[in-house]
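Report on the structure
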Amino acid sequence: MSLKCGIVGLPNVGKSTLFNCISSGRAQSANFPFCTIEPNLGSTNVPDKRLEVLADICKPQRVIPATVDIVDIAGLVKGASKGEGLGNQFLANIRETDAILHVLRCFEDDNVVHVDGSVDPVRDKEVVDAELQIKDLETVESRIGKVEKQARMSGDKDAAKMLSLLQRYHEALLQGRPCRSVPLQNQDEEAMAKDLFLLTNKPVMYVCNVDDRSAATGNKYTEAVKEAIREENAGMLIISAQTESEIAEMENYEDRQMFLEEMGLEESGVVRLVQNAYRLLNLQTFFTAGADECRAWTIHVGDKAPKAAGVIHTDFERGFIRAEVIKYEDFVQLKSESAVRAAGKMGIEGKDYVVQDGDIMHFLFNV
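Residues numbered from 1 in each chain as written. Predicted model: local features only at pLDDT ≥ 70, side-chain atom pairs only at ≥ 80, totals over all residues. Heavy atoms only, no water.

Turning our attention to the overall build of the chain. When its secondary structure is counted, the chain shows 14 helices and twelve strands. The proportion of buried residues among the 367 residues of the chain is 47%. In the chain, once contacts between residues fewer than 6 apart in sequence are set aside, the share between residues at least 24 apart is 69%. Accessible area for the chain stands at about 18,500 Å²; split by element, carbon and sulfur atoms hold 47% of it. (Helix = DSSP H or I, 4+ residues; strand = E, 2+ residues; numbered from the N terminus. Buried < 20%, exposed > 50% of the residue type's maximum accessible area, 1.4 Å probe, protein only. Contact = heavy atoms within 4.5 Å. Areas by Shrake-Rupley, 256 points an atom, 1.4 Å probe, with all protein chains shown as cover.)

The subject of this paragraph is the confidence of the model for the chain. Here the chain averages 87 in pLDDT, while 89% of its residues score no lower than 70. pLDDT under 50 marks residues 25-37. Its contacts with residues more than four places away, or in other chains, come to 38 contacts. (pLDDT = per-residue confidence, 0-100.)

A few words now on the nonpolar core. Counting 60 residues, the largest nonpolar core has Cys5, Leu18, Ile22, Ile70, Leu101 and Leu273 as the members making the most contacts within it. Here the element with the most residues in this core is helix H10 (residues 269-280); it accounts for six residues. Those residues within four positions of Ile70 in sequence are excluded, and the remaining contacts are Cys5, Ile7, Phe19, Ile22, Asn40, Leu41, Gly42, Thr44 and Leu101. Membership of the second largest hydrophobic core comes to 19 residues, among which are Met162, Leu166, Tyr169 and Cys179. (Core = buried A, V, L, I, M, F, W, Y, C linked by side-chain atoms within 4.5 Å.)

To continue, consider the environment of Leu198. Structurally, Leu198 is set in the loop between helix H6 (187-196) and strand E6 (204-209). Considered as a pair, Leu198 and Tyr169 are 29 residues apart in the sequence and their alpha carbons are 9.8 Å apart. Those residues in contact with Leu198, other than ones at most four positions away along the chain, are Asp136, Thr139, Val140, Tyr169 and Cys179.

A separate point is H10. For H10, built from twelve residues, the straight-helix expectation of 16 Å at 1.5 Å per residue is met to within 8% by its first-to-last C-alpha distance of 16 Å. Of all the twelve residues making up H10, nine are buried; the element is thus mostly covered by neighbouring parts of the structure. Directly after H10, the chain includes Asn282, whose backbone phi takes a positive value near 60°. (Expected span 1.5 Å × (residues − 1).)

Take the pairing of strand E4 (residues 67-72) next. With five of six residues buried, E4 is to be regarded as a mostly interior element. With four bridges connecting them, strand E1 (residues 4-8) and E4 associate as parallel partners. Bridging across to E4, Cys5 finds its partner in Ile70. Where strand E2 (residues 40-45) lies against E4, six bridges are found, and the strand directions are antiparallel. Bridge pairing links Leu41 to Val71 in E4. (Pairing = 2+ DSSP bridges.)

Moving on, we come to helix H9 (residues 253-263). Sitting at the amino-terminal end of H9 is Asn252, which places a side-chain oxygen 2.8 Å from the backbone nitrogen of Glu254. Of the residues trailing H9, Gly264 is marked for its positive phi of about 80°. (Polar contact = N/O pair within 3.5 Å; in protein donor to acceptor, adjacent residues only side chain to side chain.)

Evaluated as defined, the whole model comprises 18 salt bridges. The shortest N-O distance in the salt bridge between Asp48 and Arg50 comes to 2.9 Å. A salt bridge links Glu232 to Lys125; the nearest nitrogen and oxygen atoms lie 3.1 Å apart. In this pair, Glu232 is assigned in the loop between helix H7 (220-228) and strand E7 (235-239) and Lys125 in helix H4 (residues 121-154), connecting sequence segments 107 residues apart. Classification of Glu232 by relative accessible area gives buried; the value is 7%. (Salt bridge = Lys/Arg side-chain N within 4 Å of Asp/Glu carboxyl O.)

What follows deals with unusual backbone geometry. Positive phi outside glycine occurs at Asn282, with the angle close to 60°. Accessibility expressed as a relative area gives 41% for Asn282, which makes it partly exposed. Positive phi, normally seen in glycine, also occurs at Lys335, with a value near 75°. Looking at the secondary structure, you find Lys335 in the loop between helix H13 (328-334) and helix H14 (337-342).

This brings us to the side chain of Ser245. Relative to the elements of secondary structure, Ser245 occurs in helix H8 (residues 241-248). Its relative accessible area of 16% is what places Ser245 among the buried residues. With sequence-adjacent residues up to four places away left out, Ser245 is seen in contact with Thr17 and Cys21.

Shown next, in the form of structure tokens:
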């Protein structure tokens, strides 16, 4: 399952530095606008201590974690929706992502230029938001014209439902609110919203890039961001990209942990960012575990057993018979599949079973 989170923001807010830390990539990072032009793509592992525990028990030949693709997209400036800067390219690249990591500069440093001359993360957020909203407004108004005519002339009920949703989006955008702030009333509207591919409907997490001293506590800028997004249905994470770049250069695990303790952090910002990005995409993990391989598989929250089987191989979904399910806690306690069976802790589940995060699964199929 290939899913992408796009790192976006104004130029010189720390996007590429953060991308390099996450992906161990080679994105250019420099003190001038638009040093990133083409989007950089990296794939990163999703840290999960449960997989480490399973590997300690099973002693497999291979351990394969779940992954998420991260895209570092060129910085956006005011007027992007009209083609200013790298606007058209930015908007095209962001449209291809599944979720947005919006990096905001929440630190002061005279040696790092700001495209607008001063540090104000709320203003910066509003610049990017406004450009995305303008583009969405164009899309919504264009669709309203077509759907309204269709609903009026043919009495199409589906068109009428779409028109109602578009009108609510239109009202929100005119008020300066993103489309994701509009509550959806049922599964039909969820499907229609997905088909519209609106930029401000994508899940978003605001990543506040702070100085070293504020990595554990935040600062006045992060407090301002927190207040600004209070009713936006968005996530927020405080991180110091500079600190993360120093951690990334440390090869010794104990040195990294000691450094984190000195900073007042339990785990690195990159670990928290990747885990939060995974949740932002509404994803969860199930496992397969054995002597050959322990592996984390990615599915959406709410997926049923056949869908999960299809992530491993399409034949598994097509010929699905049943799934043998072990709860993670039971496997860790009893230490083997045979012990779980003997204790009567293995579940036999059919096509309607909704997979739970952490399930250890074995699929039976016939094609």
